[in-house]
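Topology and contacts: notes
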Amino acid sequence: MDMLEIRNLHASVEGKEILRGVNLTVPAGEVHALMGPNGAGKSTLGAVLTGRPGYTVTEGSVLFKGQDLLSLKPEERSWAGLFMSFQYPVEIPGVSYSAFMKAALDARRRASGKDPLSASEFLKLLSDRMAFVQMKPEFAKREVNVGFSGGEKKRAEVFQMAMLNPDFSILDETDSGLDVDALKIVADGVNALRSPGKSALVITHYKRLLEMVRPDRVHVLKAGQVVAEGGFELVEQIENEGYDSIR
Amino acid sequence: MDEQELLKDIAGREYSEGFVTRIDQEFIPKGLTEKTVRLISEKKGEPQWLLDFRLDAFRKWQKMEAPMWGHLDRLPEIDFQDIIYYAAPVQDADRPTEIDPELEKTFEKLGIPVREREVLAGVKSKREVAVDAVFDSVSVSTTFRKALSEKGIIFCSFGEAVQRHPDLVRKYLATVVPSGDNFYAALNSAVFSDGSFCYIPKGVKCPMDLSSYFRINAAGTGQFERTLIVADEGSSLSYMEGCTAPMRDANQLHAAVVEIIVEKGADVRYSTVQNWYPGDAQGRGGILNLVTKRGLCKEGAHLSWTQVETGSAITWKYPSTILQGDDSSSEFYSVALTNNYQQADTGTKMIHIGRNTRSRIVSKGISAGHSDNSYRGMVRMMPGAAGARNYSQCDSLLLGSNCGAHTFPYIKNQNPTAQVEHEATTSRISEDQLYYCAQRGISAEEAAGLIVGGYAREVLSRLPMEFAVEARKLLSVNLEGAIG
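The structure displayed is predicted, hence computed values, not measured ones.

Cut-offs and rules
Residues numbered from 1 in each chain as written. Chains lettered and ligands numbered in written order. Predicted model: local features only at pLDDT ≥ 70, side-chain atom pairs only at ≥ 80, totals over all residues. Heavy atoms only, no water. Helix = DSSP H or I, 4+ residues; strand = E, 2+ residues; numbered from the N terminus. Rg over C-alpha atoms; globule rule 2.2 N^0.38 Å. Buried < 20%, exposed > 50% of the residue type's maximum accessible area, 1.4 Å probe, protein only. Contact = heavy atoms within 4.5 Å. Areas by Shrake-Rupley, 256 points an atom, 1.4 Å probe, with all protein chains shown as cover. Lys, Arg positive; Asp, Glu negative; His and termini not counted. Charge placed at Lys NZ, Arg CZ, Asp CG, Glu CD. Phe/Tyr/Trp six-rings, centres within 6.5 Å; stacked < 30°, edge-to-face > 60°. Buried area = accessible area lost by both parts, 1.4 Å probe. Salt bridge = Lys/Arg side-chain N within 4 Å of Asp/Glu carboxyl O. Polar contact = N/O pair within 3.5 Å; in protein donor to acceptor, adjacent residues only side chain to side chain. Core = buried A, V, L, I, M, F, W, Y, C linked by side-chain atoms within 4.5 Å. pLDDT = per-residue confidence, 0-100. Pairing = 2+ DSSP bridges. Axes fitted to C-alpha atoms, helices over the stretch in contact; angles between N-to-C directions.

**Brief notes about the overall build of chain B**
A tally of helices and strands in chain B yields 12 helices and 23 strands. A compact globule built from 484 residues would reach a C-alpha radius of gyration of about 23 Å, and chain B, at 22 Å, matches this within 12%. In terms of its C-alpha atoms, chain B occupies a principal-axis envelope of roughly 65 × 60 × 60 Å. Across the 484 residues that make up chain B, the buried fraction comes to 61%. At a minimum sequence separation of 6, the contacts of chain B that also span at least 24 residues come to 85%. Accessible area for chain B stands at about 19,600 Å²; split by element, carbon and sulfur atoms hold 50% of it. Averaged over its 54 positive side-chain charges, chain B has a centre that lies 5 Å from the centre of its 63 negative ones.

And the structure:
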């Protein structure tokens, strides 16, 4: 079964059309990469898929696990198993990471008719996942993204992904501005999720993350359309010859 | 669920304390004349000096006008002749010392223990809190009095204190809030019915939190409670205060006076969670909460105010401290949340008289719906306040575009060595924050609760623990319908 099936998707922001007929399919169990020059519409695609306010779909459809994704509210998409690692995560002053994660986990469990995790189950999960992204124990008490360095923010996004255990993850330039060690943590996060029932779409400009996660397929977005699809050779071509070489 | 059901659901959850207790009550005729004042005093069997105090206050009040300077344009003109000034449950003549089971049920429902729990041997349950429970015009129960009296602590209803400790009451009454202090304080001084009295002797650390719980029940009445707290030299006390009222379409008046005397080197922490009925989503009904709270700090004394204001249609309240003694200090930590058509004008006054006095003000206003939320505060450095310091921080958070947040700081510095600092910010819950939370599966209303809780954390963390949990819940509940 396909995890995500995007058909002829058109979307605009403030009346300006950014996505102009995107077709893209990610089968279950696969990790795909989405590359493209600045302004191609990569982040817009992530925003539209997650239901960001202000983005209007004018045409087309998106099926997520066979279900019409676009009719769901943003939180319903999350409960259905969709996750996005944000390029620019927001700060939530005064709210600790542990409180934030408890709220997120409780909400999705409630949505599927389950009781909230007990405090001890939650704390166990929390410390386990924190260790996975190499966060110090104090991290749980820190206010969500407040005063985080660029690298800490990205690691925190991967931590959230690990906590919520989504079926489909979009990583929107999660590798930007990361040093090699942090990059490895992100790659490990994606690779750990790899399983027959899970998929990911890695949005990036760079080869180095893709070398670590080895995507099953690469899509190239230009001017709001997918203009090329292929294997890792596309990554090499872009790295060597630039996006202009792809038409 | 369609919109109607959703609205009904929200309205139902909005104010779970809005029920009425069916019980026989005794009322005096409505209206306010000298006769009313005499009647209340007679009902309570008061000595002449207290009647004289009331009558003097009444005469002052008659010559005063209601203050109009609050940013409260929804405060209606109050017809003081249309209010019942005394309502009390009828005591079963056969069981004069027992609590009426209906009343006990009422307080039980509100989560207020009016009976001391039997503590099983070896089982340490929740932290003990002594409660004085006031129902309309009378105190119906005060717990743990015996345990407290072993330490010399007096904790009882105001009425009982007048009977049993008249010298103490007479010594301290109206020494911090004089009867003619302001219109509503004068009214209270004339017609106050009951409230709590507390005296902590020299050097005694009160072994448990003390609390007063105020419940308005009867329709057409006003509640005028009077609380007097005296912490003698070197003593310490944590005091909590809570309140609720039934849902009704008509406004009800609550005009209280709280006086706190903090003697040399004593330490008092006073916490309020104010949850009076706020009125409905259209702004009908709700309590008019017009209160005067003030403390006096002697040398090296410390008074800390923490308030969480979520209820009332109108809030007009400025818990203040007179820093009379050298090296005394005070704090005011406040969270005020207004939603729908609520209006709050609240803040503090810090009057620095002594040398090296310190005060700190942290005010967090949250406005939603069509509400208005104002911080009004005065910091005054008197000529003798050498080396005094104040720091004030006033933050406002806006939800939606139909509400208002206002800050009115007044600073008067008459000593060149005193320092006053004031910072203010205004922010909104951003769409980006809500979207980020939604992406993690947290719906807008829940996210707003989380964000507001985070915003208020500095204040909530000052409350005793059970109170903080309660306050967090209240903030979320009162935000319902404010987002999305």
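**Remarks on the environment of A:Val57**
Residues and elements named next belong to chain A. On the secondary structure map, Val57 appears in strand β4 (residues 55-64). The class for Val57 is partly exposed, based on a relative accessible area of 31%. Put simply, Val57 and Leu9 are 48 residues apart on the chain and 7.3 Å apart in space, counted from C-alpha to C-alpha. The contacts of Val57, once residues within four sequence positions are left out, are Leu9, His10, Ala11, Val48 and Leu70.

**Description of the packing of aromatic side chains**
Residues and elements named next belong to chain B. If you walk through the whole model with that rule in mind, you get 26 aromatic pairs over all chains. Consider the rings of Tyr184 and Trp316, whose centres lie 5.2 Å apart with planes at 70 degrees: the pair is edge-to-face. Note that Tyr184 is positioned in helix α8 (residues 183-191) and Trp316 in strand β15 (residues 314-317), a separation of 132 residues in sequence. Each of the two residues, Tyr184 as well as Trp316, counts as buried. Measuring from ring centre to ring centre gives 5.6 Å for Trp316 and Tyr318, while their planes differ by 85 degrees; the resulting arrangement is edge-to-face. Among the residues examined, Trp316 registers a relative accessible area of 5% and is labelled buried.

**Some thoughts on the interface of chain A and chain B**
At the junction of the two partners, chain A supplies 35 residues and chain B supplies 18 residues. Carbon and sulfur atoms supply 60% of the area that chain A and chain B bury against each other, a total of about 2,100 Å² over both sides. Between A:Glu157 and B:Arg440 there is a salt bridge whose closest N-O contact spans 2.5 Å. At the junction of chain A and chain B, the tally comes to 17 residue pairs in polar contact (both at pLDDT 80 or more). For the side of chain A that touches chain B, the elements supplying multiple residues, two or more each, are α1 (42-50), α2 (74-79), β6 (82-85), β7 (92-96), α3 (97-111), β8 (143-144) and α5 (150-164) of chain A. The element contributing the most residues to the side of chain A that touches chain B is α3(A), with 8 residues.

**Here's the deal with the nonpolar core**
The tendency in soluble globular proteins is for nonpolar side chains to be buried as a group. Ranked by internal contacts, the top residues of the largest apolar core, which has 114 residues, are A:Ile6, A:Ile92, A:Tyr97, A:Phe100, A:Phe159, A:Phe168 and B:Leu399. At 7 residues, the largest contribution of residues to this core is made by helix α6 (residues 180-193) of chain A. Counting 36 residues, the second largest nonpolar core, distinct from the first, contains B:Val204, B:Tyr239, B:Leu303 and B:Ile361.

**Points about the environment of B:Arg428**
Residues and elements named next belong to chain B. In this structure, Arg428 sits in strand β23 (residues 419-428). It is 40 Å that separates the C-alpha atoms of Arg428 and Thr21, two residues lying 407 residues apart in sequence. Ignoring anything within four residues of it in the chain, the contact list for Arg428 reads Leu397, Leu398, Gly400, Ser401 and Gln433. Within the structure, the side chain of Arg428 is placed 2.9 Å from the backbone oxygen of Gly400, a separation counted as a polar contact.

**Structural notes on the side chain of B:Glu309**
All names here are of chain B. Within the fold, Glu309 resides in strand β14 (residues 302-309). Reaching out from Glu309, the side chain makes a polar contact with the side chain of Gln274 at a distance of 2.6 Å. Not counting residues within four places of it along the chain, the set of residues in contact with Glu309 comprises Thr272, Gln274, Asn289, Thr315, Lys317, Val335, Ala336 and Leu337.

**Section: the pattern of salt bridges**
Pairs can form between side chains of opposite charge once their charged atoms are near each other. According to the stated counting rule, one finds 35 salt bridges over all chains in the structure shown. When the shortest N-O distance is used, the salt bridge between B:Glu446 and A:Arg110 registers 3.5 Å. Note that B:Glu446 is positioned in helix α10 (residues 444-455) and A:Arg110 in helix α3, a pairing that runs across two chains.

**Digging into the confidence of the model for chain B**
Residue and element names in this part refer to chain B. Residues of chain B with pLDDT of at least 70 account for 93%, and the chain-wide mean is 89. pLDDT under 50 marks residues 1-13. Its contacts with residues more than four places away, or in other chains, come to 7 contacts. Throughout residues 118-125 the model reports pLDDT below 50, and contacts reaching past four residues in sequence, or to other chains, amount to 1 contact. Here the predicted complex carries an ipTM of 0.97, next to a pTM of 0.85.

**Observations concerning the sheet that holds strand β7 (residues 209-215) of chain B**
Residues and elements named next belong to chain B. Spatially, the 10 strands line up as an open sheet ordered β4-β3-β7-β9-β12-β14-β17-β19-β21-β23, and their pairing is mixed. With one partner strand each, in any of the chains shown, β4 (138-142) and β23 form the two edges of the open sheet. Taking the axes of each pair of neighbouring strands and ignoring which way they run, one obtains an average angle of 10 degrees across the sheet. Here strand β9 (residues 236-244) runs beside strand β12 (residues 267-274); their pairing, made up of 8 bridges, is parallel. Within β12, the residue paired with Tyr239 across the bridge is Tyr270. Strands β3 (129-135), β4 and β7 of the sheet are contacted by helix α4 (residues 101-109), whose axis makes an angle of about 120 degrees with β3.

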